[in-house]
Amino acid sequence: MASTYSAISCPHCNCCATKDDYYKTGEKFILCYRCGYSCSRTFDYLNGNEPVYQENEYKGHGVCLVRKQDGTGTRNFFQRHLSSEEITKNIEALSEEGVDIENSYFVLFKNGVFKTLAGNPPEDFYLSFEDYKKKREENNQQLEVIVPFN
């Protein structure tokens, strides 16, 4: 399969998101590593010679990245409001032994506002896509396309 990754403005929070475009099949995926927004357009079936796609969109409600000191980690994207128990569970995950708290974070997104509950999001985490793009250009850097880590 042929695919291109590109950095785009998140349709939900306006920060930098990643778009994965499978241009040969017409499938597309968008994921925002800031607010947790995701959108997919995947091939479902053929109607004669015409492809029919299934589309799904989930509004982002936050992200929790737990990096371990050994380089492993997990990233959870929230596509609904969390209960107080779920919030507590994510905060506790950041305080476990072996967590690299300097490079881990738990951020909620609600009503257009980010709220850091624990950890340290990257310096450019809250920048709008345009500000992020401008900052990278000023520093002669390409836009960073985030891809999942193992």
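Our subject is the structure listed above.
So, how was this worked out
- Residues numbered from 1 in each chain as written.
- Predicted model: local features only at pLDDT ≥ 70, side-chain atom pairs only at ≥ 80, totals over all residues.
- Heavy atoms only, no water.
- Pairing = 2+ DSSP bridges.
- Helix = DSSP H or I, 4+ residues; strand = E, 2+ residues; numbered from the N terminus.
- Axes fitted to C-alpha atoms, helices over the stretch in contact; angles between N-to-C directions.
- Buried < 20%, exposed > 50% of the residue type's maximum accessible area, 1.4 Å probe, protein only.
- Arc of directions from axis to C-beta.
- Contact = heavy atoms within 4.5 Å.

Enquirer: Explanation requested: the pairing of strand 1 (residues 4–9) in the structure shown.
Expert: As paired strands, strand 1 and strand 2 (residues 16–22) are joined by 6 bridges and run antiparallel to one another. The partner of Ile 8 across the bridge, within strand 2, is Ala 17. The hairpin formed by strand 1 and strand 2 contains 6 residues between the paired strands, and Asn 14 there has a positive phi angle of roughly 75°.

Enquirer: I'm lost on the sheet that holds strand 2 in this one. Help?
Expert: Pairing between the strands of a sheet comes from backbone hydrogen bonds, and it takes one of two forms, parallel or antiparallel. Pairing in this open sheet of 5 strands is antiparallel, and the strands run 1-2-3-4-5 from one edge to the other. Edge positions in the sheet fall to strand 1 and strand 5 (50–58), since each of these pairs with one other strand and no more. Each strand of the sheet is rotated relative to its neighbour by a mean of 20°, with strand direction disregarded. Where strand 4 (residues 38–47) meets strand 5, 9 bridges bridge the pair, whose relative direction is antiparallel. Looking at strand 5, one finds that Tyr 45 is bridged to Val 52.

Enquirer: It is not clear to me how helix 2 (residues 129–138) should be interpreted in this structure. Could you clarify?
Expert: Note that an α-helix has 3.6 residues per turn; residues three or four places apart therefore point the same way. What helix 2 keeps buried is the set Phe 129, Tyr 132 and Arg 136. Along the long axis of helix 2, the arc covered by the buried residues comes to 65°, so they all point the same way. Helix 2 presents Glu 130, Lys 134 and Glu 138 as exposed residues on the side facing more than 90 degrees away from its buried surface. Looking at the buried positions of helix 2, the neighbouring elements they touch are strand 1 and strand 2.

Enquirer: Sorry if this is basic, but what is going on with the sheet that holds strand 6 (residues 62–67) here?
Expert: Within the open sheet, the 4 strands sit side by side as 7-6-8-9. Their pairing is antiparallel. Looking at strand neighbours, the two that pair on one side only are strand 7 (73–78) and strand 9 (113–119), the edges of this open sheet. When strand polarity is set aside, the average angle formed by the axes of neighbouring strands in this sheet is 10°. Here 4 bridges tie strand 6 to strand 8 (residues 105–110), and the two strands are oriented antiparallel to one another. Residue Gly 62 lies in a different strand from strand 8, and its bridge partner there is Leu 108. Each of strand 6, strand 7, strand 8 and strand 9 is contacted by helix 1 (residues 84–94), which is oriented at about 155° to strand 8, the strand it contacts most.

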